Amino acid sequence: MNSIIFSKNKFAQILFSTPVIIIYSLIIIIPLIQAFIMSFTNWDGVNTATYAGLANYKMLFTSPNLKVSLINSVIYSAILVTYQLTLGTLFATILVNSTIKFKRIFKDIYFFPVLLSVSVVAQLWLSIYHGDFGLLNQILKMLDPTWSQNWLAEPTKGIIAIVLAESWKGMGYHMLIIYAAMRNVPRFYYEAATIDGASPTQQFFNITFPLIGQTLKVCFIMCVTFGFRAFEQIFIMTSGGPVNYTYTMSIMMYKALFGLQKYGYSNAIAVFIVVICVGIMLMIERAFRNTHVEY
Amino acid sequence: MIKKSLSMLLVVAMLFTALVGCGKSDNTAGSSTTTTGEATIASEATTTSDTTAISDNTQKAGEFTVYTYYADAAKIITDEAVRLMKEKYPNVKLNIEHRSDSDGAVLKTRSAVGELPDIFECTGTLTDTFIQSKDIIPLNSAMEKMDFENLYMPNIFAGLKSADGNYYAVQASAPSAALIYYNKKVFADNGLTPPKNYPEFLSLVQKLKAADIIPLSLFAQQKWPGLQLFDIAVTSQEPLGITGFEGGVKKPSEKAYTDAAKKLYDLVKAGLLGKGAFNTNASQAFELLKLGKAGMLINGSWYFADAKEYIDNIGYFEYNPFADPGSEETSKWNASGGVNTPGGYAISAKTKDPEFAKEIMLNYVLSRSKAEVTETAGINILKEDVQPKVKRGESYQKFADNVKNYKSFTKFEWSLKTPDLITLLEDSSEKLLTGSYLPEKFITDLEKALENTPK
């Protein structure tokens with residue numbers, strides 16, 4: 001009844017959608033437009049900006065850091081997806097289906113790292129990875145003195161070490177979302193499948209997996225786009241260094257802003273990040289377009 | 001129709017907020033100019049009517065926010081300076097705010113919203129930015145009234161004047177150099193002595209490495225110590241060091257720079273740095289030296305104050321360890337680091353009582369100069385005799401005695417002229433220190449990059 005009134009009453013439509021539109025415009029649309037405009041300027045952050053044409057974009061696309069940042073972002077996304085979604089789905093499946101005692105405690109333990117602040121997690125993993133007095137190297141040195149590594153100070157190895165820490169922190173979050181989706185699958189599907197003789201594996205791939213597909217899609221988008229905007233953990237652990245070994249697009253933007261103090265250039269990078277993230281999101285949406293299942 | 005209405009609403013909302021945003025920034029700029037104008041008039045009026053009022057001002061009431069570095073050794077210096085100010089100006093309240101940025105990002109943001117602190121540390125190129133935006137005001141009137149420069153040793157303020165001949169930001173610092181410190185006990189236990197030239201230095205690094213001690217504790221989580229190490233290496237032949245790149249006076253392909261790169265590369269390959277150097281912060285690096293897990297440390301001469309608890313066990317290299325045999329004595333007095341870095345304490349153009357704020361700020365600087373001597377046994381740069389409360393450590397006293405003998409200084413990297421040059425040199429030296437970047441490539445790439453970098 002209410003929905004009929006709402007769909008016919010234009011005033012109600014405008015009244016209720018206006019606050020959302022204004023807030024969305026203020027927080028998302030206008031800053032984006034401003035960033036886009038500023039990306040064509042030279043600006044020191046205080047004085048009047050001057051028009052720079054495409055110079056900032058030229059600087060971006062000729063920067064040696066861009067290739068490293070993009071490769072690192074892909075590595076970051078790939079490991080996040082593999083670790084968080086695979087383990088998240090696995091643990092959620094075990095928690096939903098098993099009859100083990102203290103299930104809730106396990107769930108809480110998996111979720112616990114999500115509650116920790118990024119800086120705490122970063123410091124914790126720094127003390128594990130540190131080349132001179134880190135736990136990992138201490139253990140390796142005990143086994144063989146030559147096994148110790150520069151975990152955070154080498155190309156590829158550095159970004160993998162960081163993303164593993166990030167994955168550990170965020171896995172519980174995705175596990176909980178997937179767990180909630182699995183709990184929402186009606187039990188009678190499983191009962192019918194069991195009567196029909198379907199094995200647990202068959203039930204998972206033919207009932208659970210298709211029915212939580214939309215949830216997995218959201219988690220997938222979150223993991224993939226996070227790789228391109230990853231910042232906090234990297235900044236605290238390595239600041240993108242040494243050199244540009246652990247750069248991502250966000251770190252590149254930060255360095256342009258606070259290192260080079262080129263506000264226009266950093267806005268150009270920001271615009272590029274938005275374009276990449278939106279592009280990826282649309283691609284994933286398109287890929288998952290026909291996967292919505294209802295029994 | 002509904003779609004049209006919603007689209008219109010969206011467009012109107014965007015335009016409205018965009019215009020409000022634009023209006024705000026324009027207004028800020030406008031009001032900044034106006035305020036500066038008012039401030040200038042006010043200061044001139046005060047100067048005319050109030051030239052003999054400095055002593056009377058000691059009873060004047062006021063409250064000022066001071067944005068300054070307030071950690072490590074600076075904490076006790078600041079506390080003592082505030083105490084001295086309270087003695088002189090009992091009715092003035094100074095609210096200390098810790099400076100949380102070194103790149104001016106916080107101050108720029110505060111400037112954009114018109115909320116700069118009354119008194120703040122304005123470092124490096126930020127001073128020029130704020131002069132251009134009229135966010136800070138000239139200090140000359142108050143300095144002349146107090147005869148401020150004459151309270152200090154000669155040349156303490158050399159280089160602090162801006163291009164228009166005015167002082168906008170002042171600080172009074174004793175000469176500080178980048179030094180290589182060593183743990184005396186570690187050296188004694190391993191039968192080592194401070195090196196006087198490069199072959200001795202290389203041998204020292206190899207011996208420390210063989211003894212499973214990190215030769216040099218480098219807090220490379222910050223980039224400047226690595227760059228300063230390169231600067232020390234260059235000054236063994238070229239007194240200009242990294243400052244030679246400013247204005248293109250020197251080129252990386254010149255012998256002093258290529259030799260420095262090769263020496264540094266060889267030292268890294270010999271194990272100069274620990275595996276975790278790039279993830280080590282200053283506190284961790286200090287601990288490594290203090291506990292004898294590392295043999296050496298590079299830091300500015302302010303480290304003498306930071307290490308006062310264990311200074312008796314800390315020495316520093318008096319000779320440049322990158323010097324070629326035979327040139328030890330000539331390179332000994334080429335210091336890396338700087339005397340007068342641009343910037344210092346500045347006054348916001350929007351402060352309520354600019355002339356009084358200037359007087360308070362200058363007295364605060366004066367109090368800090370005294371506190372640096374009394375509290376941290378720093379070098380006295382005042383003409384007034386100020387004595388430290390505690391005796392300097394042996395190595396610190398040696399440095400204090402040696403300062404006057406230095407023939408040249410370079411700069412600490414944050415004092416270089418452009419952020420582009422700072423970033424380029426930081427990144428390049430960091431690459432060299434990873435050991436995976438050949439010195440020849442370092443020189444070639446640096447030379448090429450310098451051609452396109454504002455210097």
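Now for a description of the structure that goes with this document. (Residues numbered from 1 in each chain as written. Chains lettered and ligands numbered in written order. Predicted model: local features only at pLDDT ≥ 70, side-chain atom pairs only at ≥ 80, totals over all residues. Heavy atoms only, no water.)

**Some remarks on the overall build of chain B**
Here is step 1: Scanning chain B for helices and strands turns up 16 helices and eleven strands.
Here is step 2: Burial status across chain B gives 56% buried among its 455 residues.
Here is step 3: Partitioning the intrachain contacts of chain B with sequence separation of at least 6 by distance along the chain shows that 78% fall at a separation of at least 24.
Here is step 4: When the accessible surface of chain B is summed, it comes to about 19,500 Å², and 54% of that surface belongs to carbon and sulfur atoms. (Helix = DSSP H or I, 4+ residues; strand = E, 2+ residues; numbered from the N terminus. Buried < 20%, exposed > 50% of the residue type's maximum accessible area, 1.4 Å probe, protein only. Contact = heavy atoms within 4.5 Å. Areas by Shrake-Rupley, 256 points an atom, 1.4 Å probe, with all protein chains shown as cover.)

**A short note on the interface of chain A and chain B**
Here is step 1: Facing 39 residues of chain A, the contacting portion of chain B comprises 39 residues.
Here is step 2: With both sides pooled, the region where chain A packs onto chain B buries about 3,200 Å², and carbon together with sulfur makes up 60% of that total.
Here is step 3: When the buried surface of chain A facing chain B is broken down by residue, A:V46, A:D132 and A:V243 rank first, second and third, together holding 17% of it.
Here is step 4: The interface formed by chain A and chain B contains one salt bridge.
Here is step 5: The residue B:D420 makes a salt bridge to A:K262 at a minimum N-O spacing of 2.9 Å.
Here is step 6: Taken together, the links from chain A to chain B amount to twelve residue pairs in polar contact (both at pLDDT 80 or more).
Here is step 7: Looking at the side of chain A that touches chain B residue by residue, the class counts come to 20 nonpolar, 14 polar and five charged. (Buried area = accessible area lost by both parts, 1.4 Å probe. Salt bridge = Lys/Arg side-chain N within 4 Å of Asp/Glu carboxyl O. Polar contact = N/O pair within 3.5 Å; in protein donor to acceptor, adjacent residues only side chain to side chain. Nonpolar A, V, L, I, M, F, W, Y, C, P; charged D, E, K, R; others polar.)

**A closer look at the sheet that holds strand β2 (residues 92–98) of chain B**
Residues and elements named next belong to chain B.
Here is step 1: Strand order in the open sheet formed by four strands is β2-β1-β3-β10, with mixed pairing between adjacent strands. On the outer flanks of this sheet lie β2 and β10 (343–347), each paired with one strand and no other. The average angle at which neighbouring strand axes cross in this sheet is 25 degrees, direction not considered.
Here is step 2: Relative to β2, strand β1 (residues 62–68) runs parallel, the two sharing seven bridges. Pairing of T68 across the sheet is with H98, part of β2. (Pairing = 2+ DSSP bridges. Axes fitted to C-alpha atoms, helices over the stretch in contact; angles between N-to-C directions.)

**Some remarks on the environment of B:A307**
Here is step 1: In this structure, B:A307 sits in the loop between α11 (303–306) and β7 (314–316).
Here is step 2: A C-alpha to C-alpha distance of 9.7 Å links B:A307 and B:G393, two positions 86 residues apart in sequence.

**Structural notes on the pattern of salt bridges**
All names here are of chain B.
Here is step 1: Tallied over the entire structure, the rule returns 24 salt bridges over all chains.
Here is step 2: Residue K250 pairs with E254 through a salt bridge whose shortest N-O separation is 3.7 Å.
Here is step 3: A residue is classified by how much of its surface remains accessible, and K250, at 22% relative accessible area, is partly exposed.
Here is step 4: Among the salt bridges present, the one from K441 reaches D445, with a minimum N-O distance of 3.1 Å.

**Details of the packing of aromatic side chains**
Two aromatic rings, taken as a pair, are described by how far apart their centres are and by the angle between their planes.
Here is step 1: Tallied over the entire structure, the rule returns 49 aromatic pairs over all chains.
Here is step 2: With 5.4 Å between their ring centres and 70 degrees between their planes, A:W43 and A:Y263 make a pair best called edge-to-face. Pair noted here: A:W43 is in the loop between β1 (41–42) and β2 (50–51) and A:Y263 is in helix α14 (residues 263–287), with a separation of 220 residues, a long-range link.
Here is step 3: Residues B:Y89 and B:F356 carry aromatic rings whose centres are separated by 6.2 Å and whose planes lie at 65 degrees to one another, so their mutual orientation is edge-to-face. Linking B:Y89 in the loop between α2 (73–88) and β2 with B:F356 in helix α13 (residues 354–376), this pair joins segments that are 267 residues apart in sequence.
Here is step 4: For B:K60, the ring lying beneath its charged end belongs to B:F356, and the centroid distance is 4.6 Å.
Here is step 5: A cation over a ring is seen here: B:R110 above B:Y67, with NZ or CZ 5.7 Å from the ring centre. (Phe/Tyr/Trp six-rings, centres within 6.5 Å; stacked < 30°, edge-to-face > 60°. Lys NZ or Arg CZ within 6 Å of the ring centre and 35° of its normal.)

**Some words on empty space enclosed by the protein**
Residue and element names in this part refer to chain B.
Here is step 1: This model, assessed by the stated rule, comprises five cavities of 30 Å³ or more.
Here is step 2: By volume, the largest cavity amounts to about 170 Å³.
Here is step 3: For the lining of the largest cavity, the element with the highest residue contribution is strand β4 (residues 176–183), accounting for four residues.
Here is step 4: Taken together, the residues that form the lining of the largest cavity break down as ten nonpolar, five polar and two charged. (1 Å grid on protein atoms, 1.4 Å probe; cavity = no way out; pocket = protein on both sides within 12 Å on 5 of 7 lines; lining within 4 Å. Points joined across faces, edges and corners; volume = space filled by probe spheres on them.)

**Things to note about the nonpolar core**
Here is step 1: Within the largest apolar cluster, 116 residues are counted, with the highest numbers of intra-cluster contacts made by B:Y152, B:F201, B:F230, B:M296 and B:F399.
Here is step 2: When residues in this core are grouped by element, the largest group, nine residues, is from α13(B).
Here is step 3: If you look at the next biggest cluster of nonpolar residues, it comprises 61 residues, including A:A92, A:V163, A:I269 and A:I280. (Core = buried A, V, L, I, M, F, W, Y, C linked by side-chain atoms within 4.5 Å.)

**A few points about the state of the cysteines**
All names here are of chain A.
Here is step 1: A full pass over the atoms with the stated rule returns zero disulfides over all chains.
Here is step 2: In this model C219 remains outside any disulfide bridge; the closest cysteine sulfur is found in C223, 6.6 Å from its own.
Here is step 3: Using a relative accessible area of 0% as the deciding quantity, one classes C219 as buried.
Here is step 4: With no disulfide of its own, C277 lies 13 Å from the sulfur of C223, the closest cysteine sulfur. (Disulfide = S-S within 2.5 Å.)

**As for the pairing of β4(B)**
Each regular strand displays side chains that alternate between the two surfaces of the sheet.
All names here are of chain B.
Here is step 1: Along β4, eight of the eight residues are buried, which leaves the element largely enclosed by surrounding structure.
Here is step 2: Residues S176, A178, I180 and Y182 point to one face of β4 and A177, L179, Y181 and N183 to the other, with burial holding for every one of them.
Here is step 3: Sheet topology places β4 next to strand β6 (residues 294–300); five bridges connect them, and they run antiparallel. Bridge assignment links Y181 to a residue of β6, and that residue is L297.
Here is step 4: Bridge count for β4 against β7 is three bridges, and the pairing is antiparallel. Note that in β7 the partner of N183 across the bridge is I314.

Geometric descriptors of this kind do not, in isolation, establish any biological role.
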